[in-house]
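Here are the chains, one letter per residue:
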Amino acid sequence: MKKKLKVNWEELGFNIVNTKSMYYAKCRYDSNWEIGGLIPFGEIKLSPAAGVLNYGQGVFEGTKSFITKKNNVVLFRPDMNAERIKLSSKRLCIPEMTKNFFLNSVFETVKDNIDYIPPLGKGSLYIRPIIWGTSPTLGVGPAEEYTYIVYVSPVGSYFKNGIKPLDLIITTKFHRAAPKGIGNAKAIGNYSASLLPVKEAKKRGYDEVIYLDAANNKLIEEAGSANIFIVKDGILKTPRLNGSILPGITRDSIIKIALELFHMEVEETEVSLKDLLNADEVFCVGTAVVVIPVASITFEDKKFSYNNGMMGTYTMRLREKLIQIQEQDAEDPFGWIQDLKVKV
Ligand SMILES: *Cc1c(COP(=O)(O)O)cnc(C)c1O
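Each chain carries its own residue numbering, running from 1 in the written order of its sequence. Local features are withheld for residues below a pLDDT of 70 in this predicted model, meaning they are given only at 70 or higher, and side-chain atom pairs are given and counted only at 80 or more; totals for whole chains, interfaces and linings count all residues. To obtain the side-chain values, all non-hydrogen atoms of the structure were used and water was disregarded.

1. Side note on the site of the ligand
We call a residue near a molecule or strand when any one of its heavy atoms sits within 4 Å of it. By nearness alone, 15 residues border the ligand, and K186, Y191, E222, T250 and T287 come closest of all. R84 has a polar side-chain atom sitting 2.8 Å from an oxygen atom of the ligand. Note that accessible areas follow from Shrake-Rupley with a 1.4 Å probe, and for residues the cover is restricted to the protein chains shown. About the coverage of the ligand: the protein hides 96% of its 380 Å² of free accessible area. Polarity classes work like this: nonpolar for Ala, Val, Leu, Ile, Met, Phe, Trp, Tyr, Cys and Pro, charged for Asp, Glu, Lys and Arg, and polar for all others, with Gly in that last group. Across the shell around the ligand, the residue classes break down as four nonpolar, seven polar and four charged. Whenever two N or O atoms come within 3.5 Å, that pair is a polar contact, provided that in protein one can donate a hydrogen and the other can accept it, and provided that, for residues adjacent in sequence, both atoms are side-chain atoms.

2. Some words on the pairing of strand β7 (residues 145-156)
Of all 12 residues that make up β7, 10 are buried, and the element is covered over most of its length. Here six bridges tie strand β1 (residues 21-28) to β7, and the two strands are oriented antiparallel to one another. Note on β7: the bridge partner recorded for Y24 is I149. A pair of strands is treated as paired once DSSP finds two or more bridges between them. A helix here means a DSSP run of H or I that spans at least four residues, while a strand means a run of E at least two residues long, and both kinds are numbered starting from the N terminus. Across 11 bridges, strand β6 (residues 123-133) lies against β7 in antiparallel orientation. Within β7, the position partnered with G133 by the bridge is Y146. Classification of residues uses two cut-offs on accessible area relative to the type maximum, computed with a 1.4 Å probe and protein chains only: under 20% is buried, over 50% is exposed, and between them is partly exposed.

3. Observations regarding the environment of S225
Note that S225 resides in the loop between β10 (220-223) and β11 (227-232). Separated by 48 residues in the primary sequence, S225 and L273 have C-alpha atoms spaced 19 Å apart.

4. Focus on the pairing of strand β8 (residues 166-171)
With six of its six residues buried, β8 lies for the most part within the structure. Covered by surrounding structure in β8 are L166, L168 and I170 together with D167, I169 and T171, the residues of both alternating faces. With four bridges connecting them, β8 and strand β15 (residues 290-299) associate as parallel partners. Along β15, the bridge assignment pairs I169 with T298. Two strands pair when backbone bridges link them, and β8 and strand β9 (residues 208-212) are joined in this way by four bridges, in the parallel orientation. Counterpart to T171 in the pairing with β9 is Y211.

Written out as structure tokens, the structure reads:
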């Protein structure tokens, strides 16, 4: 029986809504993640000297649970999040958790907060697993103790007012990540670096920023929290994972759909500024937006428009296929859907 909750599904945005519970676990450096469990959602206590607060030792994940057309509660490729948080942890000297520990923590949290999953079409339950170094750490070094939390929040459909293609700007003033830095980890510090570029872009009327490679300023890397694709003469191209680009799960899914279901030519390659500006279609991908078309890109005060500012054919087909697979409205040939087998 669905309890009456005070959540107004119609008014959901991308803000935190307090839910019932969160998963909580602790682990010593050089130890293993073994014990954890659900506690009421709420504030936590930290030393002001906590490693994460002083030196940014933290990594996170982002995924979502939602109700499908078959009325199942599902997750999309959570094993990929499990793998990615291991890689991010390793880069930041955080104890790596096993895939099972991660998946179990996510499943338990979602199941306990099932009443907060929006009805089909109203949004999803955003899931945020996050790990911090939390013991006092005055000298720079890995913390002695780590805290892992999985919290969830219902979020509205990104496109409830219809799909509005993005106006992006290429920044030559800022870089997102350095070669051999932490750009390929979902490390919390990467996002503080993006605040000012995005703030400046928004002030000038753009939705997001596209970053160039820090070594040469010639190649496209990604948008601040989404990967980027271009289509030219029917060929799909996306920047290859060069170490400073975040390996998005949506990115990987779009590549597989294009290759194996649509038999398109796909290149993970160097994408130059020229390639981007001369593309037929451009789109961004990520868990929250899934696939979002790009209407225009501005570079050095010149604005380049794509497909008259409307969603292109390839973008539309790839987007629809991925959404259909997610919502169990089409076959799931890759086994991407994880059914939590719970009643709603
Ligand atoms: C999370 C993230 C993405 C998108 O990854 P998904 O797994 O598709 O959600 C892309 N770029 C950055 C910088 C990110 O943090």
